Amino acid sequence: MKNLTIFLILLLVMVGCQTQPDDVSIQIPIMMAPSSTLEGNYQIKVSISGADMGTITETVPVSVVIGQAQTQMVTISAVPVGQNRKIKIQILEGDQVVGQQTKTVDLQDQSSNSFSFQFKPFGQQEEVASSKKKKITWEKDGKEMVLIPAGSFEMGDHLDDMSKAVPVHTVTLDTFYMDTHEVTVGQFREFVNQSGYSYGVTWNDVAKYSPGDDYPMVYVSWNDATAYAEWAGKRLPTEAEWEYAARGGLIGQRYPWGDDEKLARDYANYEGTGGKDKWDKTTAPVGSFEANGYGLYDMAGNVVEWCQDWYDSDYYTNSPVSNPIGPDNGSWKVCRGGTWTAFTDHLRLASRTFTDPILRYGLNGFRCVSGSN
Ligand SMILES: [Ca+2]
Ligand SMILES: [Ca+2]
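The rules we used
- Residues numbered from 1 in each chain as written.
- Chains lettered and ligands numbered in written order.
- Predicted model: local features only at pLDDT ≥ 70, side-chain atom pairs only at ≥ 80, totals over all residues.
- Helix = DSSP H or I, 4+ residues; strand = E, 2+ residues; numbered from the N terminus.
- Buried ≥ 20, exposed ≤ 12 C-beta atoms within 10 Å, placed from the backbone.
- Contact = placed C-beta atoms within 7 Å.
- Pairing = 2+ DSSP bridges.
- Axes fitted to C-alpha atoms, helices over the stretch in contact; angles between N-to-C directions.
- pLDDT = per-residue confidence, 0-100.
- Core = buried A, V, L, I, M, F, W, Y, C linked by C-beta atoms within 7 Å.

Considering the overall build of the protein chain
Right, on to step 1. Along the protein chain, the regular secondary structure elements total 6 helices and 18 strands.
Right, on to step 2. Buried residues in the protein chain amount to 42% of all 373 residues.
Right, on to step 3. For the protein chain, contacts bridging at least 24 residues in sequence account for 69% of all contacts bridging at least 6.

Looking at the sheet that holds strand β9 (residues 135-137)
Right, on to step 1. Read across the open sheet, the 4 strands follow the order β9-β10-β13-β18; overall the sheet is antiparallel. Unpaired on one side and paired on the other, β9 and β18 (369-371) mark the two borders of the sheet. When the angles between neighbouring strand axes are averaged without regard to direction, this sheet yields 25°.
Right, on to step 2. Pairing of strand β13 (residues 176-179) with β18, which is carried by 3 bridges, proceeds in the antiparallel orientation. Pairing of Tyr-177 across the sheet is with Ser-370, part of β18.

Looking at helix α5 (residues 239-247)
Right, on to step 1. Across the 9 residues of α5, 9 count as buried, placing the element largely inside the fold.
Right, on to step 2. Among all positions of α5, only Glu-239, Ala-240, Glu-241, Trp-242, Glu-243, Tyr-244, Ala-245, Ala-246 and Arg-247 are buried.
Right, on to step 3. The first or second residue beyond α5 is Gly-248, which carries a positive phi of 60°.

Some details on the environment of Glu-290
Right, on to step 1. On the secondary structure map, Glu-290 appears in the loop between α6 (264-267) and β14 (304-310).
Right, on to step 2. Note: C-alpha distance between Glu-290 and Lys-276 (14 residues apart in sequence) is 9.5 Å.
Right, on to step 3. The contacts of Glu-290, once residues within four sequence positions are left out, are Trp-257, Asp-266 and Tyr-267.

A word on the sheet that holds strand β16 (residues 352-355)
Right, on to step 1. The 4 strands lie next to each other as β16-β15-β14-β17, forming an open sheet whose pairing is mixed. At either margin of the open sheet sits one strand with a lone partner, and together these are β16 and β17 (364-365).

A word on helix α2 (residues 185-195)
Spacing of three or four residues puts side chains on the same side of an α-helix, whose turn is 3.6 residues.
Right, on to step 1. For α2, every residue scored as buried is listed here: Val-185, Gln-187, Phe-188 and Phe-191.
Right, on to step 2. The inward-facing, buried residues of α2 abut α3 (203-209) and α4 (222-232).
Right, on to step 3. Two residues or fewer after α2 comes Gly-196, characterised by a positive phi angle close to 75°.

A word on unusual backbone geometry
Peptide bonds are trans in most cases, and residues, glycine excluded, mostly fall at negative phi.
Right, on to step 1. Looking along the chain, the bond that leaves Val-166 and enters Pro-167 is cis, with omega of -5°.
Right, on to step 2. Not every positive phi belongs to a glycine, and Tyr-219 is a case in point at roughly 55°.
Right, on to step 3. Position of Tyr-219 among the secondary structure elements: in the loop between α3 and α4.
Right, on to step 4. You can call Tyr-219 buried: it has 24 C-beta atoms within 10 Å.
Right, on to step 5. Positive phi values are uncommon outside glycine, yet Asn-302 reaches one of about 60°.

As for the confidence of the model for the protein chain
Right, on to step 1. The share of residues in the protein chain with pLDDT of 70 or more is 82%, and the mean pLDDT across the chain is 85.
Right, on to step 2. Scored below 50 in pLDDT, residues 120-131 makes 26 contacts in the model with residues more than four places away or belonging to other chains.

Quick notes on the nonpolar core
Right, on to step 1. In terms of nonpolar packing, the biggest core is built from 64 residues, with Met-178, Val-218, Ala-225 and Ala-245 touching the most fellow members.
Right, on to step 2. Beyond its immediate stretch of four places on either side in the chain, Val-218 contacts Val-206, Tyr-209, Ser-210, Thr-283, Val-303, Gly-362, Leu-363, Asn-364 and Gly-365.
Right, on to step 3. Residues Val-46, Ile-48, Ile-91 and Leu-107 belong to the second largest nonpolar core, which totals 14 residues.

A word on the pairing of strand β10 (residues 144-148)
Right, on to step 1. Examined bridge by bridge, β9 and β10 share 3 bridges and lie antiparallel to one another. Paired with Lys-135 across the strands is Val-146, a residue of β10.
Right, on to step 2. Adjacent in sequence and paired antiparallel, β9 and β10 are bridged by 6 residues, among which Gly-142 carries a positive phi angle near 70°.
Right, on to step 3. The pairing of β10 with β13 spans 4 bridges and is antiparallel. Its bridge partner being in β13, Ile-148 is matched across the sheet by Phe-176.

Details of the environment of Ser-351
Right, on to step 1. Along the chain, Ser-351 turns up in the loop between β15 (333-336) and β16.
Right, on to step 2. Classification of Ser-351 by C-beta neighbours within 10 Å gives buried; the count is 23.
Right, on to step 3. Distance in space between the C-alpha atoms of Ser-351 and Gly-338 is 7.9 Å, their sequence separation being 13 residues.
Right, on to step 4. In this view, Ser-351 contacts Ala-165, Gly-338, Asp-345 and His-346; residues no more than four positions away in its chain are not counted.

Spelled out as structure tokens, the structure:
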């Protein structure tokens, strides 16, 4: 099974020796840093086009080996010099395009001949991602789970004075499965009925904010959530797993859908209403909004989600790189993703909140994972 992966490609265009006065040869070193589990043979197809020229295409084969950064050189000859040259890079698996990015450059301006970008991960391409997602149904609680590929990411956020989310640091995670949806009222009730768990809140109280079985469970403490997870044979996500999964393969973005705050109503139930967000004083049925790149719903908003870790505002200064599990002890547990009453700053991927693990609020819910840790 091949999973989503991330290519980081640095692209540098250099104008080489001229073959004709108005033509140039272009060399493009493409650096790849595969960080996931997608190994195999691909082709990189580079196309250069412009309004005053046709399209020149060059395709080179490339073998991806996990953990090995490599540079693939592509040379394109006899490109007419001009402004607004569109360079398109595609990665092909057989005949299928599994990733692409375009960039416009000015070949008459030497200063524009060097640039770099991060290649968009495959997960951002919905039609590709959907064919590569590995989904399972967890037998005990019947929840759909999706495989989150192993990889590295930059955890935290230095943008906009996000004081609790710094320093930004590299984290590497093993693969794991995550519930695609928040645990619902119906699922939690089934857990209570089957296990005899002593849950100290009335279902009428739950229904005030989650008025139906397909709404997310609320009024669950960390202890309640952990009891459910243990019953189901799963566990709560670590804070690092939660943020990595919420990013959905996006690199350096603010929200699960990217950087544009104005799109929030398409992806999240939060304070107020508008667009797809029709829920004002309650949670929304799980999965009412668009999923992120990994196929996870409601990672922003609806209920804020309990994580496994104790909270420590300084933890990012000394977090292990590999599969961090949080401090050894603390007073609060981490909660992530913002609530149905939150403003958009709490919908941010890196936004960290924390709550006493024994308290139950109408804002807190959870989802589970299965994997190492
Ligand atoms: Ca709302
Ligand atoms: Ca949520």
